[in-house]
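Fold and geometry: a report
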Amino acid sequence: MLDLAFGLTETSRLGCQIKVCNEFDGIKVRIPDDDMSLSPSSSRLPPPSSSASTSKTSSTDVNEGVLLHGPSVDWSAPDLQGTSLVSDTLQMMETDTEFKDLTAKIARLGKDGMTKEERSRRRRALDEIGIPDFLNFVTSTDYDDNGATARVVRNGKLMRSEPNILQLNIGLYCNQACNHCHVESSPLRKSETMDANVASRCLQLLRDSPLTVDTLDLTGGAPELNAQFRLLVSMARQWSIETGRPLTIIDRCNLTVLLEPGQEDLVTFLKDNRVTVVASLPCYGESNVDAQRGRGVFRRSIAGLKMLNDAGYGDNPDLRLDLVYNPSGPFLPPSQSALEVDYKRELMENFGIRFNNLLTITNMPIKRFADFLAKEGKMKEYMELLVNNYNPMTVDGLMCLNTVSVGWDGTLYDCDFNQQLGMGIVGEGGNEVGGKEKGKRKKLSVFDVDSLTDLAKISVRVDNHCFGCTAGSG
Ligand code: SF4
Ligand code: SF4
């Protein structure tokens, strides 16, 4: 293994072979300037020798060596409170060749053209390995799945059940621009944002839907930076209290938003409204997080977690804090329970951070990640990985079966992935489209249905990206 390492010297050691003990206090460890990171954008990182990190204690990371700062680093980051990440993100987008290429390509092909192109790439990859379309594969695969497939695939269609989650993507604006973002969010996406009319209609639907609907899941972009976020949260919570209907409100939080100017009271707001925070943290090591999510994101994320802990998140049973891991490259996440143990140990020992559960998710082969796979010539390899790890036990737990996903403009979707691919729910009652498109049925919107149960009889729109939901643990 050591023979494969960069910058080998007489004293080189593999980090995983070193038993760290008290005598190591103050040890100086030099990390080679090059690495074998699988991250698509490790080039965004400064070389370790140019940062203030030449004197560090070693630990173990999920994918590569991690640098942990000494006691001189204040992880509460008081210097960053109330400062914005947006200018750093915009600068990165202007200088990073991957982002520049992608932006130019979107301008050339348009969003629909990009979606069509990535879909054809996935199809070609599946053709090369001899795999039929998703539903044919699911129904023809001979596994003992305790009837999971038969319960949800009927007459060749994936059928949803009564919805219990209303997920709102309230806007694509984000202070970050992560390289795996399936929503392709960034600070440039200012106009795609939910307005008050759509937001109040969503609340009305929540109120008019039966008791089975017990979760309001707010996502984005950075949902907290949308003008409707606080209104949606406070009105939904007030309604839940007044009617006695239990309601879990989820904020899909990127953590760095907690430090943004104007968000100084956000943690208090979340706490007061008993909002569950589900936060992205793709690693407990700085280099991996910054490579995937932008320089400086790790330090801000740790500061955000500390703010949440200080408010009681992760300790108080009413204030749930879950973290989300996704792989930094074209591989599947490791076992959720084993990784959670590592996360809890590392975050507690190094930063004193507590959280409830770790959720691991597979990178979907769509949008920015699909573009990365195509560029690296790894689309076939990745689709094959997903197919080879098909797990039939995931089928009757697919999120599209009990979730209704709403886009910023009110269009209804089966899930957030279909939303980003423009695959809206087309129902029997959908309005006819006029003009050149005459005769085609329109995608349904929140204004076309009276209750979320109206959608229970409409089958789910699946396609070749759905293999991402059935691989491994799903
Ligand atoms: S924080 Fe989330 S929404 Fe924002 S760019 Fe990253 S992955 Fe996308
Ligand atoms: S990507 Fe496909 S399988 Fe996954 S939730 Fe969406 S519709 Fe369902």
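See the structure printed just above.
Here the structure is a predicted model, which is why all the values come from computation and not from measurement. (Residues numbered from 1 in each chain as written. Chains lettered and ligands numbered in written order. Predicted model: local features only at pLDDT ≥ 70, side-chain atom pairs only at ≥ 80, totals over all residues.)

**What to know about the packing of helix α5 (residues 196–208) against helix α6 (residues 229–243)**
The criterion, for reference: All axes are obtained by fitting lines to C-alpha atoms, using only the stretch in contact for helices, and the reported angles, taken between N-to-C directions, cover 0 to 180 degrees. Each helix corresponds to a stretch of at least 4 residues labelled H or I by DSSP, and each strand to a stretch of at least 2 residues labelled E; elements are numbered beginning at the N terminus. Any angle that falls under 35 degrees is termed roughly parallel, while one over 145 is termed roughly antiparallel, one within 65 to 115 roughly perpendicular, and all others oblique. In a left-handed crossing the near helix is turned counterclockwise from the far helix by less than a right angle, and in a right-handed crossing that turn is clockwise. Working definition of a contact: two residues with C-beta atoms, positioned from the backbone, lying within 7 Å. Residue polarity follows a fixed list, in which Ala, Val, Leu, Ile, Met, Phe, Trp, Tyr, Cys and Pro are nonpolar, Asp, Glu, Lys and Arg are charged, and the others, Gly among them, are polar.
Relative to each other, α5 and α6 sit at 20°, their axes nearing to 11 Å. Classed by the angle they form, the pair α5 and α6 counts as roughly parallel. As α5 runs across α6, the sense of the crossing is right-handed. Taking contact as the criterion, the partners of Ala199, Leu203, Leu206 and Arg207 in α5 are, on α6, Leu231, Leu232, Met235, Ala236 and Trp239. Broken down by class, the residue content of the contact of α5 with α6 amounts to eight nonpolar, no polar and one charged.

**Let's talk about α5**
Counting along an α-helix, one turn takes 3.6 residues, and residues three or four places apart therefore face a common direction. Keep this limit in mind: In this scheme, a helix's expected span is set at 1.5 Å multiplied by one less than its residue total.
With 13 residues, α5 should cover 18 Å at 1.5 Å per step; its first-to-last C-alpha distance of 18 Å lies within 8% of that length. Those residues of α5 hidden inside the fold are in contact with β5 (165–169), β6 (215–219), α6 and β11 (403–406).

**Some words on the sheet that holds strand β9 (residues 321–325)**
Our working rule: In this scheme, strands are said to pair when DSSP sees at least two bridges between them.
As summarised here, the arrangement of the eight strands in space is β10-β9-β8-β7-β6-β5-β11-β12, forming an open sheet in which the pairing is mixed. The sheet is open, and its two edges are formed by β10 (358–360) and β12 (412–413), each paired on a single side. Bridge analysis of β9 against β10 gives three bridges, and the strand direction is parallel. Note on β10: the bridge partner recorded for Leu323 is Leu358. Where helix α10 (residues 336–351) meets the sheet, its contacts fall on β9 and β10, and the angle it forms with β10 comes to roughly 135°.

**Description of the pairing of strand β7 (residues 248–253)**
The condition that has to hold: If you view a crossover with the strands going away from you and the path from the first strand over the helix to the second runs clockwise, you call it right-handed.
By the bridge criterion, four bridges tie β6 to β7 in an arrangement that is parallel. The partner of Asp217 across the bridge, within β7, is Ile250. Between the parallel pair β6 and β7, the chain is carried across by α6, and the sense of this crossover is right-handed. One crossover worth recording links β7 to the parallel strand β8 (residues 275–280) by way of helix α7 (residues 266–272), and it is right-handed.

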